[in-house]
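Survey of secondary and tertiary structure
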Amino acid sequence: MDLGIAGRSALVCAASKGLGRACAVSLARAGAKVTIVARTEGPLNEAAADIAARTGASVTPVAADITTDAGRAAALAAAGDVDILVNNAGGPPPGNFRDWTRDDWIKAVDANMLTAIELIKATVDGMIARRFGRVVNITSSAVKAPIAILGLSNGARAGLTGFIAGIARETVIHNVTINNLLPGRFETDRLMNTLKAEADKTGQPLDAVAARHKAAIPAGRFGDPAEFGEACAFLCAAQAGYITGQNFLIDGGAFPGTL
Ligand code: NAP
């Protein structure tokens, strides 16, 4: 399927690994010029070279912390006129809310709410002027089904979701859509590190911990990041101009509700 985005400029945040990288691959395969951002230069440059080699697309790496003003300025300068924005950043740590300080909350809100809002603020008026824009925010299934130990994530991402619900209805008349993609459990470094920590804590083998988590998912497996990337690329397609303000859960059926 031709997604109609060849030559469009895409800025994909937090994209040297995992879900962000998978989104960058799918957008590059659809012909977009992609700028990818991550903090650690080595893996970032390796990802850029790999995506360019696999897709033939132009891929520009920007080594920056996307949660900072300077990092966002560097990313925006490299990407030029942004037509497609994929917002993503590392998730906050788990814990007990009794231990979290105001600083912990500010960091979580900065990374998982305000960074996305700042990048939308910097790009949306250009998208409106050019009458094409696609914004996808990577959030979490925890927005729909909160996980108590991930309270920082539940809170910050719910804040972003509320903000998006309002603005997405204002921009769509200009062919600028804004949607959220909610990952369940995808096989990325982050997930594997969480499972390893659980295995170490409980003394169980890693395979047993992974099998227990997979058994709780109707699909019987973790998601492949490539599946997530393809869904992201579809939301960025020219054909997706009538989809806005939505929250798409991709979780192998794990959420048990009707809606
Ligand atoms: P991952 O495999 O650990 O990859 C994270 C990527 O983000 C890396 O490229 C990392 O590179 C980059 N990054 C992190 N913080 C950054 C920052 N401040 N500025 C720029 N780049 C940054 O993680 P993932 O599993 O893809 O998760 C992506 C997001 O989805 C996270 O917010 C996570 O909480 C959320 N999520 C994931 C799952 C899942 O099952 N995987 C489920 C629900 C929600 P550097 O470290 O070099 O910067």
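Residues numbered from 1 in each chain as written. Predicted model: local features only at pLDDT ≥ 70, side-chain atom pairs only at ≥ 80, totals over all residues. Heavy atoms only, no water.

**Section: the overall build of the protein**
- Counting its secondary structure elements, the protein contains eight helices and seven strands.
- In terms of overall dimensions, the protein has a C-alpha envelope of 55 × 40 × 40 Å along the principal axes.
- Nonlocal contacts in the protein, meaning residues at least 24 apart in sequence, comprise 74% of its contacts between residues at least 6 apart.
- Carbon and sulfur atoms make up 55% of the accessible area of the protein, which totals about 12,200 Å². (Helix = DSSP H or I, 4+ residues; strand = E, 2+ residues; numbered from the N terminus. Contact = heavy atoms within 4.5 Å. Areas by Shrake-Rupley, 256 points an atom, 1.4 Å probe, with all protein chains shown as cover.)

**Some remarks on the packing of helix H1 (residues 18–29) against helix H8 (residues 225–235)**
- At a closest axis distance of 7 Å, the pairing of H1 and H8 adopts a crossing angle of 55°. In terms of orientation, H1 lies oblique with respect to H8. Of the two possible hands of crossing, H1 and H8 adopt the one that is right-handed. Residues Gly18, Leu19, Ala22, Cys23, Ser26, Leu27 and Arg29 of H1 lie in contact with H8, whose contacting residues are Pro225, Ala226, Phe228, Gly229, Glu230, Cys232 and Ala233.
- Along the lines of polarity and charge, the residues of the contact of H1 with H8 split into nine nonpolar, three polar and two charged. (Axes fitted to C-alpha atoms, helices over the stretch in contact; angles between N-to-C directions. Parallel < 35°, antiparallel > 145°, perpendicular 65-115°, else oblique. Left-handed = near helix turned anticlockwise from the far one by under 90°. Nonpolar A, V, L, I, M, F, W, Y, C, P; charged D, E, K, R; others polar.)

**Observations regarding the site of the ligand**
- Close to the ligand lie 29 residues; Ser16, Thr40, Ala89, Phe186 and Thr188 are nearest.
- In the environment of the ligand, an oxygen atom lies 2.6 Å from a nitrogen or oxygen atom belonging to the side chain of Thr40.
- Coverage of the ligand by the protein chains reaches 90% of its 890 Å² of free accessible surface.
- Of all the secondary-structure elements, those providing two or more residues to the shell around the ligand are H1, strand E2 (33–38) and helix H6 (189–202).
- Residues that form the shell around the ligand fall into these classes: 11 nonpolar, 11 polar and seven charged. (Near = heavy atom within 4 Å. Polar contact = N/O pair within 3.5 Å; in protein donor to acceptor, adjacent residues only side chain to side chain.)

**Points about the confidence of the model for the protein**
- With 100% of its residues at a pLDDT of at least 70, the protein reaches an overall mean of 97.
- Averaged over each element, pLDDT in the protein is lowest for H6 (93) and highest for strand E4 (residues 84–87) (99). (pLDDT = per-residue confidence, 0-100.)

**Here we look at H1**
- Over its 12 residues, H1 extends 17 Å from the first C-alpha to the last, a length consistent with the 16 Å expected when each residue adds 1.5 Å.
- Counting buried residues along H1, 10 of its 12 residues qualify, which places the element largely inside the surrounding structure.
- Listed in full, the buried residues belonging to H1 are Leu19, Gly20, Arg21, Ala22, Cys23, Ala24, Val25, Ser26, Leu27 and Ala28.
- Looking at the residues trailing H1, positive phi occurs at Gly31, about 100°. (Expected span 1.5 Å × (residues − 1). Buried < 20%, exposed > 50% of the residue type's maximum accessible area, 1.4 Å probe, protein only.)

**Regarding unusual backbone geometry**
- Look at Ala14: it is not a glycine, yet its phi comes out positive at around 55°.
- The phi dihedral of Asn175 falls on the positive side, at around 65°, and the residue is not glycine.
- Tracing the chain through its elements places Asn175 in the loop between helix H5 (151–171) and strand E6 (176–183).
- The class for Asn175 is partly exposed, based on a relative accessible area of 25%.

**Points about the packing of aromatic side chains**
- For the structure shown, the criterion picks out two aromatic pairs.
- With centroids separated by 5.8 Å and ring planes inclined at 90°, the aromatic side chains of Trp100 and Trp105 adopt a geometry described as edge-to-face.
- Take Trp100: its relative accessible area is 14%, and that puts it in the buried class.
- Sitting over the face of the ring of Phe132, Arg8 holds its NZ or CZ atom 3.9 Å from the ring centroid. (Phe/Tyr/Trp six-rings, centres within 6.5 Å; stacked < 30°, edge-to-face > 60°. Lys NZ or Arg CZ within 6 Å of the ring centre and 35° of its normal.)

**Some points on the sheet that holds strand E1 (residues 9–12)**
- Pairing in this open sheet of seven strands is parallel, and the strands run E3-E2-E1-E4-E5-E6-E7 from one edge to the other. Here the strands that pair on one side only, and so sit at the sheet edges, are strand E3 (59–63) and strand E7 (247–250). Here the average twist between neighbouring strands, direction ignored, is 15°.
- In terms of strand pairing, strand E5 (residues 133–138) meets E6 through six bridges, oriented parallel. (Pairing = 2+ DSSP bridges.)

**Quick word on the side chain of Asp83**
- Along the chain, Asp83 falls in the loop between helix H3 (69–79) and E4.
- A distance of 3.3 Å separates polar atoms of two side chains, one belonging to Asp83 and the other to Arg130.

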